[in-house]
Structure formats: C-alpha cells, structure tokens
Amino acid sequence: MTEKKTEKKAASKKPLTKSEIQANLAAATGLTKKQVSSVLDALAAEINKSVGPKAAGAFVLPGLLKIEKKKVPAKPARKNVPDPFHPGTFKDYPAKPASCKIKIRPLKGLKDAAAK
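No experiment lies behind these values; they were computed from the predicted model shown. (Residues numbered from 1 in each chain as written. Predicted model: local features only at pLDDT ≥ 70, side-chain atom pairs only at ≥ 80, totals over all residues. Heavy atoms only, no water.)

**Student:** Help me out: how do you make sense of the pattern of salt bridges in this one?
**Tutor:** Oppositely charged side chains may form a pair once their charged atoms are brought near each other. Going through the model one piece at a time under the given rule, you end up with four salt bridges. A salt bridge links E68 to K66, with the nearest nitrogen and oxygen atoms 3.6 Å apart. Between K108 and D112 there is a salt bridge, with its nearest N and O atoms 3.0 Å apart. With K108 and D112 both in helix α4 (residues 108–115), this residue pair falls four residues apart, about one helical turn. Residue classification places K108 among the exposed positions, given a relative accessible area of 62%. In this structure, a network of salt bridges that share partners links the residues K66, E68 and R105. (Salt bridge = Lys/Arg side-chain N within 4 Å of Asp/Glu carboxyl O. Helix = DSSP H or I, 4+ residues; strand = E, 2+ residues; numbered from the N terminus. Buried < 20%, exposed > 50% of the residue type's maximum accessible area, 1.4 Å probe, protein only.)

Structure, rendered in structure tokens:
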C-alpha cells in the first residue's frame, strides 16, 4: 500500500512556484523573503543587462547554466521552390527578417545534479 502512495507522490511532482523558491532560499540562507525577492529581481536585471542590445551577449551562472544571445541573419524570399510534400508543385517562401535567439546551456554542475 505504501509503495502505491510513493508512486503517486513521485508522479504528481510539479515545478516550484516563485513563492516556494523564495521560501526555500530564505530558509536556507537565513534571509527574509523580501531580501530573497530583491536578490532574485537583481539577478533578473543583471541577466537582462548581459543579453541586452549593447551587452556582451552572454551570462554565466557559475556551475549551473550559460545564457547566450545568438544573432540570426535575415533570410531572403525564395520563389518556385519544389514542394517536398506535393511532388511536381512549387512553393514560394516569404523573406524572414533578422532576429535574435536566446540559448540556455546547462553546465557541468547542473548536468551532474540531473543525472543523480
């Protein structure tokens, strides 16, 4: 009977909410929830500055993750391209403007924690 209960608990795990994260960090560090909230807000602002338009384009949280900004060049319009899904027909593709994408890579510490 207890095995079924533990299976249900393991299956119903959900990601932590913002308030749960703040409470856990406050308990672990001895700070108040307001102080933890201000630290998280400062971290978010620092990440935004690091990947902003006039920034280095990368932010590293040591041992956990690396956030990188990648510039994707514009793609020109293409006309009369063979349609792979309907042989014998041709398709026109519109142009795509240049854009920026954000890539988040896990570092060794996070990979090791996930493997356990």
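**Student:** Where do I start with the packing of aromatic side chains in this structure?
**Tutor:** By convention here, two paired aromatic rings are described through the distance between centres and the angle between planes. Evaluation of the coordinates by the stated rule reveals zero aromatic pairs. Above the ring of Y93, the side-chain terminus of R78 is found at 4.6 Å from the ring centroid. (Phe/Tyr/Trp six-rings, centres within 6.5 Å; stacked < 30°, edge-to-face > 60°. Lys NZ or Arg CZ within 6 Å of the ring centre and 35° of its normal.)

**Student:** Please clarify how helix α2 (residues 18–29) should be interpreted in this entry.
**Tutor:** In an α-helix, one full turn covers 3.6 residues, which means residues spaced three or four apart are oriented alike. Over its 12 residues, α2 extends 16 Å from the first C-alpha to the last, a length consistent with the 16 Å expected when each residue adds 1.5 Å. Once α2 finishes, G30 follows within two positions and takes phi at roughly 85 degrees, a positive value. (Expected span 1.5 Å × (residues − 1).)

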